[in-house]
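# Structure at a glance
Take a look at the letters that make up each chain.
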Amino acid sequence: MTDITIYHNPACGTSRNTLALIRNSGAEPAVVLYLDTPPSRDELNALIADMGISVRALLRKNVEPYAQLGLSEDKFSDDELLDAMLAHPILINRPIVVTPGGTRLCRPSEIVLEILPDHQKGAFTKEDGEKVIDENGRLIVKDEKR
């Protein structure tokens, strides 16, 4: 039994890294493959409210239906944007993680660390080779002068 849920797309590197960070904390989350089992309108509204973001902020822009549907135009209401996401779940940005510590859109994947109940258990390196967590389970702070 877990109190962590990830809305996951296994084809997405950020989603895979986020899932791996959750597991690196010792937790095994409930994994919702949202492309196969999209959230309901009520669930999607609740996730957006819990994240404290706008409906538009959850909209993925770099996928085919976005341009086809003309979603870059400012003429769409929140309900219309939700309709588009429900009809085309690929438009829902991911990964979304729900924990007792909050709900976040985890882009970049390290955002999940803000809401995980347990600390990282060891080193973690992203798929692209970026070291994120050291061998003591601590976040590696990046040099901001690069």
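Refer to the structure printed above.
Residues numbered from 1 in each chain as written. Predicted model: local features only at pLDDT ≥ 70, side-chain atom pairs only at ≥ 80, totals over all residues. Heavy atoms only, no water.

What follows deals with the sheet that holds strand S4 (residues 102-105). With respect to topology, four strands assemble into an open sheet ordered S2-S1-S3-S4, the strand pairing being mixed. Of all strands in the sheet, those bounded by a partner on one side alone are strand S2 (30-33) and S4. Averaged over all adjacent pairs, the angle separating strand axes in this sheet is 15 degrees, with direction ignored. Where strand S1 (residues 5-8) and strand S3 (residues 96-99) come together, three bridges link them in antiparallel fashion. Across the sheet, the residue bridging to Ile 6 is Val 97, located in S3. This element, helix H1 (residues 13-24), spans S1, S2 and S3 of the sheet and lies at about 160 degrees to S1. Helix H2 (residues 41-51) contacts S1, S3 and S4 of the sheet and is inclined by roughly 95 degrees relative to S4. (Pairing = 2+ DSSP bridges. Helix = DSSP H or I, 4+ residues; strand = E, 2+ residues; numbered from the N terminus. Axes fitted to C-alpha atoms, helices over the stretch in contact; angles between N-to-C directions. Contact = heavy atoms within 4.5 Å.)

Locating Arg 60 in the fold gives a position in the loop between H2 and helix H3 (64-68). Of the side chains bearing the opposite charge, Glu 64 lies closest to the buried Arg 60, which forms no salt bridge; the N-O distance is 11 Å. Among all residues touching Arg 60, those that are not within four sequence positions of it are Tyr 66, Ile 90, Leu 91, Ile 92, Asn 93 and Arg 94. (Buried < 20%, exposed > 50% of the residue type's maximum accessible area, 1.4 Å probe, protein only. Lys, Arg positive; Asp, Glu negative; His and termini not counted. Salt bridge = Lys/Arg side-chain N within 4 Å of Asp/Glu carboxyl O.)

A few words on unusual backbone geometry. Here the bond from Arg 94 into Pro 95 is cis, since omega is 0 degrees, no more than 30 degrees from zero. In this structure, the amide linkage connecting Arg 107 to the following residue, Pro 108, adopts the cis form with an omega of 5 degrees. Along the chain, the position of Pro 108 falls in the loop between S4 and strand S5 (124-125).

Applying the stated criterion across every chain, the model contains zero disulfides. Counting only cysteine sulfurs, Cys 106 is the nearest neighbor of Cys 12, a cysteine outside any disulfide, at a range of 11 Å. In this structure Cys 12 comes out as buried when scored by relative accessible area, which is 5%. Among the residues examined, Cys 106 registers a relative accessible area of 0% and is labelled buried. (Disulfide = S-S within 2.5 Å.)

Inspection of the secondary structure assignment puts Gln 120 in the loop between S4 and S5. Its relative accessible area of 8% is what places Gln 120 among the buried residues. Of note is the side chain of Gln 120, whose polar atom sits 2.7 Å from the side chain of Asn 24. (Polar contact = N/O pair within 3.5 Å; in protein donor to acceptor, adjacent residues only side chain to side chain.)

A separate point is the nonpolar core. In terms of nonpolar packing, the biggest core is built from 20 residues, with Leu 58, Met 85, Leu 91 and Ile 96 touching the most fellow members. When residues of this core are traced back to their parent elements, those giving at least two are H2 and helix H4 (78-87). If we skip the residues at most four places from it in the chain, Leu 58 touches Leu 44, Ile 48, Met 51, Ile 53, Met 85, Leu 91, Ile 92, Asn 93, Ile 96 and Leu 105. Residues Ile 4, Val 97, Ile 111 and Ile 133 belong to the second largest nonpolar core, which totals 15 residues. (Core = buried A, V, L, I, M, F, W, Y, C linked by side-chain atoms within 4.5 Å.)

In an α-helix, one full turn covers 3.6 residues, which means residues spaced three or four apart are oriented alike. An ideal rise of 1.5 Å per residue puts 16 Å on twelve residues; H1 measures up with 16 Å between its terminal C-alpha atoms. Of the residues making up H1, those classed as buried are Ser 15, Asn 17, Thr 18, Leu 19, Leu 21, Ile 22 and Asn 24. Against S1, S2, S3, S5 and strand S6 (131-133) lie the buried residues of H1. Phi turns positive, to about 95 degrees, at Gly 26, one or two residues after H1. (Expected span 1.5 Å × (residues − 1).)

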